[in-house]
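Residue-level listing of the chains:
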Amino acid sequence: MELTALGLVVLGVLLAEPVSRSLASARWPARDPVGALLVWQAVGLAGGLSLLGAGLVYALAPLGQNLIPAVGGLVRSIGGGTLLVDLGAPHLIALVVTVLLGARLLLVLISVTVRTLRARRRHRDLLDVLATPWPAAPGTRVLDHPIPVAYCLPGRSSRLVVSAGVLERLAPDGVRAVLAHERAHLTERHDLVVLPFVAWGATAPFVRGMVCAQLAVAALIEMRADDVAAGRSAQRELAGALRTVGGSAPSAALSSFTSAVDARIARIAAPPAPLSPLVRVGIRLGAVALVAVPTVLLLQF
């Protein structure tokens, strides 16, 4: 059991630090943002399972040869008041630490989610009062502001917002490119992709790999939205819109045109060659395998 726990610790640490740093600095994700996002999600999930699972495996090792009997033994020990005797002090300490770490991660995720939802609700209420529905683009509201700004508020009652400055400074094709980009965020629910990484970064901001993961995922969802918009509008129009639209979006929003502008314009103007179909399939299978490894180790310890 100790070897299984050690293996899970090693895997979790590798995923949290060197693997995350290497993936964040790799060049291939720009050629397959969807695949890269799947890999990042697998890295996050497998890393969490490995680190928490390692503590669980070590803590419950005296109670059974695999997870299900061990959990049953844990329930019986708690009910009979013999937990310390059955586990021993080192294993009990490991169990308490694991539970506390898992609870912290869950509480941070809940806290980040609640704060984000509240901020979006407040901003949505303000938009309903201050912004004007735009008949030319259903679901879009125009904010009377001269600075060109575009963003979306995700959720069940989503809002797509452009300022009057966008409509004044961009040609119709450019406006359509902006809207296509923002709709990609809403349709593919990029807010749900980003949220766990924000929570993980807040849980352990001292782990550089988690910070790299958060930044890399934020960049990838912009690449993905750029790719969707480029498929529905001319590259020149999209690049021009990216140069024009700026400003600060509210913290609860997903802003499409405010980060790494130069790099994104270069990528739109000269799109990288896509990965081969075989490599793309391999990336997706690798993401599944990455999650399967700690899962199998946990179920069979």
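Residues numbered from 1 in each chain as written. Predicted model: local features only at pLDDT ≥ 70, side-chain atom pairs only at ≥ 80, totals over all residues. Heavy atoms only, no water.

(A) Structural view of unusual backbone geometry. Within the chain, Arg-189 stands out as a residue other than glycine whose phi angle is a positive 50 degrees. Relative to the helices and strands, Arg-189 is located in the loop between α7 (172-187) and α8 (190-203). A residue is classified by how much of its surface remains accessible, and Arg-189, at 29% relative accessible area, is partly exposed. (Helix = DSSP H or I, 4+ residues; strand = E, 2+ residues; numbered from the N terminus. Buried < 20%, exposed > 50% of the residue type's maximum accessible area, 1.4 Å probe, protein only.)

(B) Quick peek at the layout of surface pockets. Quantified by volume, the second largest pocket comes out at close to 460 Å³. Along its surface, the second largest pocket is lined by 22 residues, and Gly-48, Leu-51, Trp-200, Ala-204 and Met-210 are the ones closest to its centre. The set of elements that each furnish at least two residues to the lining of the second largest pocket consists of α1 (2-25), α2 (33-60), α5 (89-130), α8 and α9 (208-230). In terms of residue class, the lining of the second largest pocket is built from 15 nonpolar, six polar and one charged. (1 Å grid on protein atoms, 1.4 Å probe; cavity = no way out; pocket = protein on both sides within 12 Å on 5 of 7 lines; lining within 4 Å. Points joined across faces, edges and corners; volume = space filled by probe spheres on them. Nonpolar A, V, L, I, M, F, W, Y, C, P; charged D, E, K, R; others polar.)

(C) Seen up close, the nonpolar core. In this structure, Leu-37, Val-39, Trp-40, Val-217 and Leu-220 are the most contacted members of the largest nonpolar core, which totals 24 residues. Put simply, the parts of the chain that give this core at least two residues each are α1, α2, α8, α9 and α12 (277-300). Apart from the residues within four sequence positions on either side, Leu-220 is in contact with Pro-29, Pro-33, Ala-36, Leu-37 and Trp-40. Among the nonpolar cores identified, the runner-up in size contains 14 residues, and Cys-152, Val-178, Leu-186 and Ala-241 belong to it. (Core = buried A, V, L, I, M, F, W, Y, C linked by side-chain atoms within 4.5 Å. Contact = heavy atoms within 4.5 Å.)

(D) Seen up close, a nonpolar patch on the surface. Together, Leu-3, Leu-6, Val-10, Leu-14 and Val-19 give the surface a local cluster of nonpolar side chains, amounting to about 460 Å² of exposed area. For Val-19, the position within the fold is in helix α1. (Patch = residues over 30% accessible without salt bridge, like charges linked within 9 Å, V, L, I, M, F, W, Y side chains within 5 Å. Areas by Shrake-Rupley, 256 points an atom, 1.4 Å probe, with all protein chains shown as cover. Salt bridge = Lys/Arg side-chain N within 4 Å of Asp/Glu carboxyl O.)

(E) How the structure looks around helix α11 (residues 261-269). Of all the residues in α11, the buried ones are Arg-264, Ile-265, Arg-267 and Ile-268. Taken around the axis of α11, the buried residues stretch over an arc of 165 degrees, which confines them to a single face. For α11, the exposed residues set more than 90 degrees away from the buried face come down to Asp-262, Ala-263 and Ala-269. Along its buried surface, α11 packs onto α2, α7, α9 and α10 (235-244). (Arc of directions from axis to C-beta.)

(F) The pairing of strand β4 (residues 159-163), seen in detail. Among the five residues of β4, five are classified as buried, and the element is accordingly described as predominantly covered. Of the two faces of β4, both are covered, the one formed by Arg-159, Val-161 and Ser-163 as well as the one formed by Leu-160 and Val-162. Bridge count for strand β2 (residues 140-143) against β4 is four bridges, and the pairing is parallel. Of the residues in β4, the one forming a bridge with Arg-141 is Val-161. (Pairing = 2+ DSSP bridges.)

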